[in-house]
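Summary of the model geometry
As a plain string of letters, each chain reads:
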Amino acid sequence: MNASRGVGEFDLIERLAARLAPLESGLGIGDDAAAWSPEPGRLVVATTDMLVEGIHFRLDWTTARDLGWKALAVNLSDLAAMGARPGRALVSIALLPGQADLAEQLYDGIAELARITGARVVGGDTVRTPGPLVLNVALVGDADPDRLLRRGGAWPGDLLVVSGSVGASAAGLALLVAGDAAVLARPEAVPLLAAHHRPWPQLALGAALAGAGVRCAIDISDGVASEAWHLARASGMEIEVDVDRLPLSGEAVALLGPARARELALTGGEDYQLLFSVPEAMLAAVEAALPPDVRLSVIGRVTAAREGGAVRFLEAGVPIDIQEAGYVAF
Ligand code: ADP
Ligand code: MG
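Cut-offs applied
- Residues numbered from 1 in each chain as written.
- Chains lettered and ligands numbered in written order.
- Predicted model: local features only at pLDDT ≥ 70, side-chain atom pairs only at ≥ 80, totals over all residues.
- Heavy atoms only, no water.
- Helix = DSSP H or I, 4+ residues; strand = E, 2+ residues; numbered from the N terminus.
- Rg over C-alpha atoms; globule rule 2.2 N^0.38 Å.
- Buried < 20%, exposed > 50% of the residue type's maximum accessible area, 1.4 Å probe, protein only.
- Areas by Shrake-Rupley, 256 points an atom, 1.4 Å probe, with all protein chains shown as cover.
- Lys, Arg positive; Asp, Glu negative; His and termini not counted.
- Charge placed at Lys NZ, Arg CZ, Asp CG, Glu CD.
- Donors = N, O, S within 2.8 Å, 3.2 Å for Na, K, Ca; no water.
- Salt bridge = Lys/Arg side-chain N within 4 Å of Asp/Glu carboxyl O.
- Domains from an automatic or database assignment.
- Contact = heavy atoms within 4.5 Å.
- Buried area = accessible area lost by both parts, 1.4 Å probe.
- Nonpolar A, V, L, I, M, F, W, Y, C, P; charged D, E, K, R; others polar.
- Core = buried A, V, L, I, M, F, W, Y, C linked by side-chain atoms within 4.5 Å.

To continue, consider the overall build of the protein chain. Each helix and strand in the protein chain was counted, giving 11 helices and 13 strands. Computed over C-alpha atoms, the radius of gyration of the protein chain comes to 19 Å, within 12% of the 20 Å expected from 2.2 N^0.38 for 330 residues, which places it in the range of a compact globule. Referenced to the eigenvectors of the C-alpha coordinate spread, the extents of the protein chain come out at roughly 55 × 55 × 40 Å. Evaluated residue by residue, the protein chain yields a buried proportion of 49% over its 330 residues. A total accessible area of about 15100 Å² is found for the protein chain, and carbon and sulfur atoms account for 55% of it. Within the protein chain, one finds 26 positive and 41 negative side-chain charges whose respective centroids are separated by 2 Å.

Here it is, written out as structure tokens:
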């Protein structure tokens, strides 16, 4: 999740992975979820995500119920990005003394989204901590073995496509950080805060993409720029992104201006939309299979195979440099 990313987090995961025995089969560290085949014709898909108070959330900014929803939603989003169906979840919480009521509200939020999506909580762990509050969800699901969406599935000529709009959640967080009560009371703030507190996992879209034959997807937890790089690296492809074509949140543009809204779409994160690549000839079939209310935007193209992968960001056809904290024109 974006708010937790230390500079060296991806390096550290690689160093940790190097200490483990190599996998003889299945999909391990490096995609949105792990996957393995317990028997021919079946594929189990598993993911986990942890939320830490003060890093991923503040209890004065979110309700406990919304926090429970979000903790499950971010895991469901990883399954959506694999084209998988949710199954059973384990929920672990580290609580401070006096947080029993809060834990019940967390579970109301978890239960609400679990009911909607068919996920079932079947266990977990409860411990005390001197602080901060920690909430971890581990989620297992299943997918069709020959229909898995992978970060490494992009191919030259594919279109790069994103669902919904991007930047809303990060804009909601930016409003909370700025703390201007008058802005927070504006009607445009409502969907931005909702996007931040109650992200909607794109399970129906992920299933539709997998069913239509799409091979390559990732969910947007860290911003379009970072996720495009993940696809490029995992696929060994060069990807071009036309930043003018990003489907920016209209409310983010209204409250923060177009430049900031675009920066938040590229580097903010927590949208939990899907970013995927699809052969141009398959796009019509994908559009026909879309769940209601999902719209797609073509934002770029996979241009060529390239060892190690690369992403080029274009503005009005001219390359721009996207930095961690925004972009700078050459
Ligand atoms: P996402 O943003 O999709 O949740 P992450 O960036 O958190 O994915 O993780 C990237 C990959 O690294 C995933 O495959 C995840 O399972 C793996 N990973 C992250 N942390 C660890 C860890 N401590 N040990 C093993 N694998 C890890
Ligand atoms: Mg993910």
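Moving on, there is more to tell.
A few words now on the coordination of the magnesium ion (ligand 2). Only D32 (OD), D78 (OD) and D219 (OD) from the protein coordinate the magnesium ion (ligand 2), and they sit 2.0 to 2.1 Å from it. Spacing between the donor residues of the magnesium ion (ligand 2) along their common chain follows D-x45-D-x140-D. Here D32 is found in the loop between α1 (9-18) and β1 (34-36), whereas its partner D78 is found in helix α2 (residues 64-82), with 46 residues between them in sequence. For D32, a relative accessible area of 5% gives the class buried.

In this structure, P132 follows G131 across a cis peptide bond, with omega equal to -5°. Note that P132 resides in the loop between β4 (120-128) and β5 (134-143). Of note in this structure, Y272 is not a glycine but carries a positive phi near 55°. In this fold, Y272 is placed in the loop between α10 (258-267) and β9 (274-278). Although it is not a glycine, A316 sits at a positive phi angle of roughly 50°. On the secondary structure map, A316 appears in the loop between β11 (310-315) and β12 (318-323). The exposure class assigned to A316 is exposed, which follows from its relative accessible area of 68%.

Two side chains of opposite charge can pair, provided their charged atoms sit close to one another. Inspection of every chain in the model, using the stated rule, returns 19 salt bridges. Here R198 makes a salt bridge to D66, at a shortest N to O gap of 2.7 Å. With a gap of 132 residues between them, R198 in the loop between α6 (189-197) and α7 (203-212) and D66 in helix α2 connect regions that are remote in the sequence. On the basis of relative accessibility, which here comes to 25%, the residue R198 falls in the partly exposed class. In this structure, the salt-bridge partner of R312 is E238, at a minimum N-O distance of 3.9 Å. With R312 in strand β11 and E238 in strand β8 (residues 237-242), the pair connects residues that are 74 residues apart, well separated along the chain. Its relative accessible area of 15% is what places E238 among the buried residues. Taken together, the shared-partner salt bridges in this structure form one network comprising D31, D32, R150 and R151.

Along its sequence, the protein chain is organised into domain 1 (3-143) and domain 2 (159-320). Each of domain 1 and domain 2 was reduced to a C-alpha centroid, and the two centroids are 22 Å apart. Contact with domain 1, which involves 24 residues of that partner, is made by 21 residues of domain 2. Overall, the association of domain 1 and domain 2 removes approximately 2000 Å² of surface from exposure, summing both partners, and the carbon and sulfur fraction of that is 59%. On the domain 1 side of the interface with domain 2, the three residues burying the most area are W61, W69 and K70, jointly 30% of the side's total. As a salt-bridge pair, R198 and E112 come within 3.0 Å of each other at their nearest N and O atoms. A class-by-class count of the residues in the side of domain 1 that touches domain 2 yields 13 nonpolar, 4 polar and 7 charged.

With that settled, consider the nonpolar core. Within the largest apolar cluster, 53 residues are counted, with the highest numbers of intra-cluster contacts made by V45, L148, L209, F276, V278, V286 and L296. Element by element, the count of residues in this core is highest for α2, at 11 residues. Residue-level mapping places this core at the junction of two domains, with at least three residues from each of domain 1 (3-143) and domain 2 (159-320). Ignoring sequence-local partners within four residues, the contact set of V45 consists of A33, A34, A35, L79, M82, A84, L139, V140, G141, D142, A143 and L148. Grouped together as the second largest cluster of nonpolar side chains are 26 residues, V241, V243, A265 and V311 included.

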